[in-house]
Amino acid sequence: MSFFDGKKVIIIGDRDGIPGPAIEECLKTTEAEIVFSATECFV
Amino acid sequence: MSDYAVIKGTSYILAHTPDMILHNGTTQTMERLASPQSEYLKQIPNYLRSFDEVLSYPPNQVYVGNNKPEELHKYEKPWFDKKIEAASRYGWFGEIMPQDEFLALIKMVDVFDLVLLEKSFTNVAKKKINNHPMMTSNLKSRLKDGEDIAVIEKFIKEQQAEALYHDSKLVGCVKRAHEIDVNLNAHVIHENLISKASGVLAFLNLISKNDIDVDSIDYVIECSEEACGDMNQRGGGNFAKAIAEMGGAVNATGSDIRAFCAAPVHALITASALVKSGTFKNVVIVAGSAVAKLGMNGKDHVKKGIPILEDVLGGFAVLISENDGVNPVVRTDLVGSHKVGTGSSPQAVMTSLIADPLDKGGLKITDVDKYSVEMQNPDITKPAGAGDVPESNYKMIAALGVKRKELERKDIATFAKEHGMPGWAPTQGHIPSGVPYIGHAREALLNGDIERTMVVGKGSLFLARMTNQFDGVSVIIEKNIVGADEKATGISEDEVKKMIAEAMRNFASHLLEG
């Protein structure tokens, strides 16, 4: 059972850090529900 | 001699436009819409810097070429309270233009009579701009005599003209170019004319500072982030030809490249390929500014009691020419690109942008003397919580080096200082993305201070809502040496000479023995 199982997840990724799709990919191994995912540019 | 294109000249300009922070920066215009009585908006005038403060700010002097990037290490961070004494407006690469002259320049590059400047303001600005060493008589004549303030006020009140301010006083406006078309409304025309004017200033500096025959330029690539067009072709373009026209490049045509902040490095690669292929001989890449980004992190700056540091518009230009055997070569065979299928994990991104071009040339991470990444000034980004962007990039490159077994883990801490630089560019989107170092790199490669640099540009394509992808491209620039083609594959010119000398000695010794 993972920490994320059964959780609803909001992802705010950073283009120069970890972008949203990369975090989404990591969460595929859990049973988390991704309700929102975006990548932001902070520069 | 190889037929790689060379970096023949560069220019870097800034325009100090404090009044545009409040009236045209999106952070402030959004705040005004959401909260007209905002405390932040009231506080802004207390956090603006004077022109002299902008001149003496160390990162700005590095941008225009009066100081080297490495010299920033002499100043303890933050830098906003540090000064370079006797700082000059004119730099080795370009200049820092004050607001009144820049407003005049916007009028001078407007060919549809959309910019109106008030009479007395025009008189003062005219005296100053007439003394500018690079303004041609054609450009000077375009300033004309100015307009009554009542006419300007009428256009703002009745036709939604965009107001122009200097020292908090109304001094002019930009009119709309169409009654209904939103692509030609006053806001868009204002934004585009500012981008054009700063691009023209960069172009003029490129020609003047590098003693270039403007008639020799046959192609111009513009790579900012603005879009000009009308309701039937929103991004029709072409800023490049408009800038070339104002710069007097009568033998040039051109086109625009768009890829968000990555566009300048795309333009650098494209221009170099055009020259290497023989299609064009002298290609200028140029970009003006992003007025919307003024004061982008202003709220955080004010909250932390520091001046609003995003108070300058940026621009740059680079001339790419045929190999002259002197200037640094652009290795268009050593290019990295973030592909559609690359993925977005930091490791995949760094492999595509850093490792791939190195591998093509048989090079190690440490064979690149300086990496020019996202060179945003940390003074601006750190108070806003975005961290030190160049430093983060250098850590990722160093980590890749450790993974490739080309660096020891302990070297990660010193990699940024040895193979990187502190950031000095204003957060003007495409302006800090890889390209700020090309001018300094050219000097360092010509002086023999470095042998090789890699320029890396990244862009946030997802902001346009057409794709979730972001983008990046990179290219290696090297010292111009005969046989540069072979060097990256393992045999240098010196080595070839040594081999020939050895063969000659062996041959001579056989003769003696015989």
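Just so you know, these numbers come straight off a predicted model, no measurement behind them.

Details of the overall build of chain A
Secondary structure assignment for chain A yields one helix and two strands. Secondary structure elements of chain A, listed N to C terminal, follow the sequence β-α-β. Principal-axis analysis of the C-alpha atoms places the extent of chain A at approximately 35 × 15 × 10 Å. Taking all 43 residues of chain A together, the buried fraction comes to 19%.

Quick notes on the pairing of strand 4 (residues 162-166) of chain B
All names here are of chain B. Of the two faces of strand 4, only the one carrying Glu 162, Leu 164 and His 166 is buried; Ala 163 and Tyr 165 on the other face are not. Bridging between strand 4 and strand 5 (residues 169-174) involves five bridges; their strand directions are antiparallel. Across the sheet, Tyr 165 pairs through a bridge with Leu 170, a residue of strand 5. As consecutive antiparallel partners, strand 4 and strand 5 are separated by two residues, and within that stretch Asp 167 has a phi angle of approximately 50°, a positive value.

Re the sheet that holds strand 3 (residues 115-117) of chain B
All names here are of chain B. Taken in spatial order, the three strands of this open sheet run 3-5-4, and their pairing is antiparallel. Each edge of the open sheet carries a strand with a single partner, namely strand 3 and strand 4. Pairwise comparison of adjacent strand axes, ignoring direction, gives a mean angle of 30° for this sheet.

Digging into the nonpolar core
Residue and element names in this part refer to chain B. Judged by nonpolar contacts, the single largest core of 153 residues is most densely connected at Val 220 and Ile 285. Here this core gets 13 residues from one element, more than from any other, and that element is helix 10 (residues 186-209). In contact with Ile 285, not counting residues within four places along its chain, are Ile 221, Cys 223, Pro 264, Ala 267, Leu 268, Ala 271, Ala 317, Val 318 and Ile 320.

Considering the interface of chain A and chain B
Between chain A and chain B, the residue contacts involve 10 residues of the former and 16 residues of the latter. Class assignment for the residues of the side of chain A that touches chain B results in seven nonpolar, one polar and two charged.

Some points on the packing of helix 16 (residues 389-403) of chain B against helix 17 (residues 412-419) of chain B
All names here are of chain B. Close contact between helix 16 and helix 17 brings their axes to 9 Å; oriented N to C, the two are set at 115°. The chirality of how helix 16 crosses helix 17 is right-handed. Contacts between helix 16 and helix 17 pair Glu 391, Tyr 394, Lys 395, Ala 398, Ala 399 and Val 402 from the former with Ile 412, Phe 415 and Ala 416 from the latter. A per-class count over the contact of helix 16 with helix 17 returns seven nonpolar, no polar and two charged.

Brief notes about the confidence of the model for chain B
Predicted confidence across chain B gives a mean pLDDT of 95, with 96% of residues reaching 70 or more. Of the two predicted TM-score estimates for the complex, the pTM is 0.92 and the ipTM is 0.83.

Overview of the environment of Ala249(B)
Residues and elements named next belong to chain B. Of note, Ala 249 is situated in the loop between helix 11 (239-246) and strand 7 (253-256). Ala 249 sits 42 residues away from Ile 207 along the chain, and the two C-alpha atoms are 9.9 Å apart. Excluding its chain neighbours within four sequence positions, the residues that come into contact with Ala 249 are Val 214, Ile 217, Val 220 and Ala 244.

Thoughts on the environment of Ile243(B)
Residue and element names in this part refer to chain B. Counting through the fold element by element, Ile 243 comes out in helix 11. Along the backbone, Ile 243 and Val 200 are 43 residues apart, and their C-alpha atoms lie at a distance of 5.4 Å. Non-local contacts of Ile 243, meaning those with residues more than four positions away in its chain, are made with Lys 196, Gly 199, Val 200, Phe 203, Val 220, Glu 222 and Val 286.

A look at helix 17 of chain B
Residues and elements named next belong to chain B. For helix 17, every residue scored as buried is listed here: Phe 415, Ala 416 and His 419. Buried residues of helix 17 fall within an arc of 105° about the axis and therefore sit on the same side. Set apart from the buried face of helix 17 by more than 90 degrees, the exposed residues are Ala 413, Thr 414 and Glu 418. Lining the buried residues of helix 17 we find strand 11 (370-372) and helix 16.

A closer look at unusual backbone geometry
Most peptide bonds take the trans configuration, and most residues that are not glycine carry a negative phi. All names here are of chain B. Each neighbour pair has its own omega, and for Lys 77 with Pro 78 the value is 0°, a cis peptide bond. The residue Pro 78 is located in the loop between helix 5 (58-63) and strand 2 (95-97) in this model. For the bond from Gly 237 to Asn 238, the omega torsion is 15°, close enough to zero to count as cis. A positive phi angle is found at Asp 167, which is not glycine, with a value near 50°. Of note, Asp 167 is situated in the loop between strand 4 and strand 5. Residue class for Asp 167 comes out exposed when judged on the 10 C-beta atoms lying within 10 Å of it. For Arg 465, which is not glycine, the phi dihedral falls at a positive 60°. Examined against the element boundaries, Arg 465 turns out to sit in the loop between strand 12 (452-459) and strand 13 (471-478). Assessed through the 7 C-beta atoms surrounding it within 10 Å, Arg 465 is described here as exposed.

Quick word on the environment of Phe42(A)
Relative to the helices and strands, Phe42(A) resides in the segment after strand 2 (33-40). Put simply, Phe42(A) and Arg15(A) are 27 residues apart on the chain and 7.9 Å apart in space, counted from C-alpha to C-alpha. Sequence-distant contacts of Phe42(A), that is, excluding residues within four places in its chain, are made with Asp14(A) and Ala386(B).

So, how was this worked out
- Residues numbered from 1 in each chain as written.
- Chains lettered and ligands numbered in written order.
- Predicted model: local features only at pLDDT ≥ 70, side-chain atom pairs only at ≥ 80, totals over all residues.
- Helix = DSSP H or I, 4+ residues; strand = E, 2+ residues; numbered from the N terminus.
- Buried ≥ 20, exposed ≤ 12 C-beta atoms within 10 Å, placed from the backbone.
- Pairing = 2+ DSSP bridges.
- Axes fitted to C-alpha atoms, helices over the stretch in contact; angles between N-to-C directions.
- Core = buried A, V, L, I, M, F, W, Y, C linked by C-beta atoms within 7 Å.
- Contact = placed C-beta atoms within 7 Å.
- Nonpolar A, V, L, I, M, F, W, Y, C, P; charged D, E, K, R; others polar.
- Left-handed = near helix turned anticlockwise from the far one by under 90°.
- pLDDT = per-residue confidence, 0-100.
- Arc of directions from axis to C-beta.

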